[in-house]
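Now for the letters of each chain:
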Amino acid sequence: MEFIVPAELKAVPVEEAKCYDVIIIGAGPAGMTAAVYAARKKLDTLVISKDVGGQTLLAPGVETYMGYQYITGAELMRKFEEQVRQFPIALEINDEVVKLLRDENRFTVRTATGKKFTGRSVIIASGRRARSLNVPRERELIGRGVSYCATCDAPLFGGLDVAVVGSGNPALTAVNELTKCARKVYTIARSAIKADAVLREKAERSGKVEFVVGYAVKEIQGGDKVERIVLKQTAGDKELVLDVRGVFIEIGATPNVAFAKELAELSESNEIRVDCDCKTSVAGLFAAGDVTTVPEKQIIIAAGEGAKAALSAYQYLIEA
Amino acid sequence: MALLSEKVRQEVEHILEGLKGGVKLVVFTQEFECPTCEDNRMLMEELAACSSKIQIEVLDFVRDKEKAELYKLDKIPATVVEGKEDYGIRFYGVPGGYEFASLLHAITMVSSGSSTLSPKTKEQLKRLSKPVHIQVFVTHTCPYCPEVVQLAHEMALESPLITSDMVNAAEFPHLNHKYDIFVVPKTIINETIQFAGAVPESEFLKHVLKAEKR
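Since the model is a prediction, treat every value here as computed from it, not as a measurement. (Residues numbered from 1 in each chain as written. Chains lettered and ligands numbered in written order. Predicted model: local features only at pLDDT ≥ 70, side-chain atom pairs only at ≥ 80, totals over all residues. Heavy atoms only, no water.)

Visitor: Help me get a handle on the interface of chain A and chain B, residues and values and all.
Guide: Taken together, the contacts link 28 residues of chain A with 33 residues of chain B. Across the chain A/chain B interface, buried area totals approximately 2,500 Å², and carbon plus sulfur atoms make up 64% of it. Area buried by chain A at its contact with chain B is led by A:Met1, A:Phe3 and A:Leu156, which between them contribute 26% of it. There are two salt bridges connecting chain A and chain B. B:Glu11 is paired through a salt bridge with A:Arg78; the nearest N and O atoms lie 3.3 Å apart. Secondary-structure elements contributing two or more residues to the side of chain A that touches chain B are α2 (73-84) and α3 (150-153) of chain A. When residues in the side of chain A that touches chain B are grouped by element, the largest group, four residues, is from α2(A). Looking at the side of chain A that touches chain B residue by residue, the classes come out as twelve nonpolar, four polar and twelve charged. (Contact = heavy atoms within 4.5 Å. Buried area = accessible area lost by both parts, 1.4 Å probe. Salt bridge = Lys/Arg side-chain N within 4 Å of Asp/Glu carboxyl O. Helix = DSSP H or I, 4+ residues; strand = E, 2+ residues; numbered from the N terminus. Nonpolar A, V, L, I, M, F, W, Y, C, P; charged D, E, K, R; others polar.)

Visitor: Describe the sheet that holds strand β12 (residues 215-221) of chain A, with residues and values.
Guide: Residues and elements named next belong to chain A. In space, the three strands of this open sheet follow the order β12-β13-β14, with antiparallel pairing throughout. Edge positions in the open sheet fall to β12 and β14 (239-243), since each of these has one partner strand only. The sheet shows a mean angle of 25° between the axes of neighbouring strands, direction not considered. Summarising the sheet, strand β13 (residues 228-233) and β14 pair through five bridges and their orientation is antiparallel. Across the sheet, residue Ile229 finds its bridge partner in β14, namely Leu242. (Pairing = 2+ DSSP bridges. Axes fitted to C-alpha atoms, helices over the stretch in contact; angles between N-to-C directions.)

Visitor: Please provide a residue-by-residue account of the sheet that holds strand β11 (residues 209-213) of chain A, values included.
Guide: The strands making up a sheet are joined through hydrogen bonds of the backbone, oriented either antiparallel or parallel. Residues and elements named next belong to chain A. Overall, parallel pairing links the five strands, which are arranged β8-β15-β9-β10-β11 in an open sheet. Among the strands making up the open sheet, the edge pair consists of β8 (146-147) and β11. Across two bridges, β8 lies against strand β15 (residues 246-249) in parallel orientation. By the bridge assignment, Ser147 is partnered in β15 with Phe248. Packing of helix α4 (residues 169-178) onto the sheet brings it into contact with β9 (161-165), β10 (184-189), β11 and β15, and relative to β9 it is tilted by some 165°.

Visitor: So what's going on with empty space enclosed by the protein? Which residues, and what values?
Guide: Residue and element names in this part refer to chain A. Evaluation of the coordinates by the stated rule reveals two cavities of 30 Å³ or more. Computed from the structure, the largest cavity encloses a volume of approximately 40 Å³. For the largest cavity, the full set of lining residues is Ala27, Met32, Val47, Val52, Glu81, Val84, Leu91 and Ile93. Among the secondary structure elements, those contributing two or more residues to the lining of the largest cavity are α2 and β3 (90-93). Here the residues of the lining of the largest cavity sort into seven nonpolar, no polar and one charged. Estimates place the volume of the second largest cavity at around 30 Å³. (1 Å grid on protein atoms, 1.4 Å probe; cavity = no way out; pocket = protein on both sides within 12 Å on 5 of 7 lines; lining within 4 Å. Points joined across faces, edges and corners; volume = space filled by probe spheres on them.)

Visitor: Let's hear about the pattern of salt bridges: which residues, and what values?
Guide: Residues and elements named next belong to chain A. With the rule as written, the count across this model stands at 37 salt bridges over all chains. Among the salt bridges present, the one from Lys18 reaches Asp44, with a minimum N-O distance of 3.0 Å. Linking Lys18 in the segment before β1 (19-25) with Asp44 in the loop between α1 (29-40) and β2 (45-49), this pair joins segments that are 26 residues apart in sequence. Here Arg183 makes a salt bridge to Asp161, at a shortest N to O gap of 3.0 Å.

Visitor: So what's going on with the packing of aromatic side chains? Residues and values would help.
Guide: Here the structure, examined in full by the defined rule, presents nine aromatic pairs over all chains. For the ring pair A:Phe157 and B:Phe182, a centre distance of 5.5 Å and an interplane angle of 40° mean the geometry is tilted. Linking A:Phe157 in the loop between α3 and β9 with B:Phe182 in the loop between α7 (173-179) and β7 (186-189), this pair reaches from one chain into another. In this structure, A:Phe157 and B:Phe182 share a single accessibility class: buried. Relative to B:Tyr179, the ring of B:Phe137 lies with its centre 5.6 Å away and its plane at 55°, an arrangement referred to as tilted. Placement of the pair is B:Phe137 in strand β5 (residues 132-138) and B:Tyr179 in helix α7, with a sequence separation of 42 residues. For B:Phe137, a relative accessible area of 0% gives the class buried. Take B:Tyr179: its relative accessible area is 8%, and that puts it in the buried class. The rings of A:Tyr65, A:Tyr68 and A:Phe80 are connected pair by pair, giving a single aromatic cluster. Just above the ring of A:Phe211 sits the side chain of A:Arg200; from NZ or CZ to the centre is 4.4 Å. A cation sits over an aromatic face here: B:Lys75 above B:Tyr92, 4.0 Å from the ring centre. (Phe/Tyr/Trp six-rings, centres within 6.5 Å; stacked < 30°, edge-to-face > 60°. Buried < 20%, exposed > 50% of the residue type's maximum accessible area, 1.4 Å probe, protein only. Lys NZ or Arg CZ within 6 Å of the ring centre and 35° of its normal.)

Structure below.
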């Protein structure tokens, strides 16, 4: 059994009256790395985030962050947080940015709890959130069998039959979490399984997984909870009905950019366009990590981009 | 073999150095301990050994029925975290994984006797006139759950009418069935209000006030 001790709080007051050198939106790998780099440059830094760790908190195991052959996502993020808390960085946690505006040479950030902060520069590192299938009954059955977090909810499906929708690494990671408690795990993929072979092999070894390849979810059915899903062939008309109590949707993620839509230039897939220096289309506004157009959404890449964004922000501030 | 690693134990000792007042962990188990009852008792004993400010009382759910009734406990493993008084803070199941933070939070909070709730929330809670029972269902692997558990426990500390339970869903499948727990965190208030996910303090308060009116 694991016991996660919270990182020690070093209280740095969060002040609405002051103008921060840099406001970092998000505290995942990109945001926290940016915060450390900014603080080392003696920038007055504020981090605003719903949580500390972002999507990495949901990673049961990380095997591709150099220096650690294996570490849980939670433990890795705790190490990040400990490092952040070594510096005088103000942390506004359990809050969320709802609006980002630029006025003259200042940025204004408004949060869900009604606070207003001002900064000379901003780094957006708000990451991504799970994409939905957009099929009938999906929305109504969220929390009633439809889940986007296998790490959180898998233990609730002990002895039950469930389905995981998706074919990439997150989907197969969810499958492997679920095989620990569920009776049977259907893995539904529109086309071939794209996950790393090591994850697929682990799923196969469990003896609990049935791959249903070449099918898409047509609808989720059930009264006040999930009872079954209806699948339709992607290259044909054949339909399949699977009796399941849980549907875990792992079909990728969408960037968290709603608060910045009117300010930053976005790509067709709603990612913030950045150049090699993490600069956006707006002077003084930088972005890093999974929210940006930088390809490959990996923890190690997000952390590196966070460092770059902070150094670019520093350069911007000394030249401004 | 100890449940807490040496590294975790040292970190916990460091956190507990800041305890102000005494804390009592009242742990309910039974003669033939269920596997998680044993884990829970061992965890609390190891925690108590980390600070001279923490006392522990291990009780038998069957033999000490009167005490269990006094604390209004209906299942084990159960732990009551008391400070100067019983604030109504309960942990059902082992507070492991992310919930270990909630346990440490409850200990440090009852030790100080004060919460971090806003003055507005404290004021509104004073207006409660009927008992409110909050149950927050969690799993050890849910990073969003401690926020809700800690908020509920803070409200319990502030209001003598509120009892707040962390319930580890994996240990009480019959309750998952009863309340249709398919997602965590899920909060049930007075059996009538239920909602999923982490919500801000002001919204949580609204649910509490609404439950009292039903």
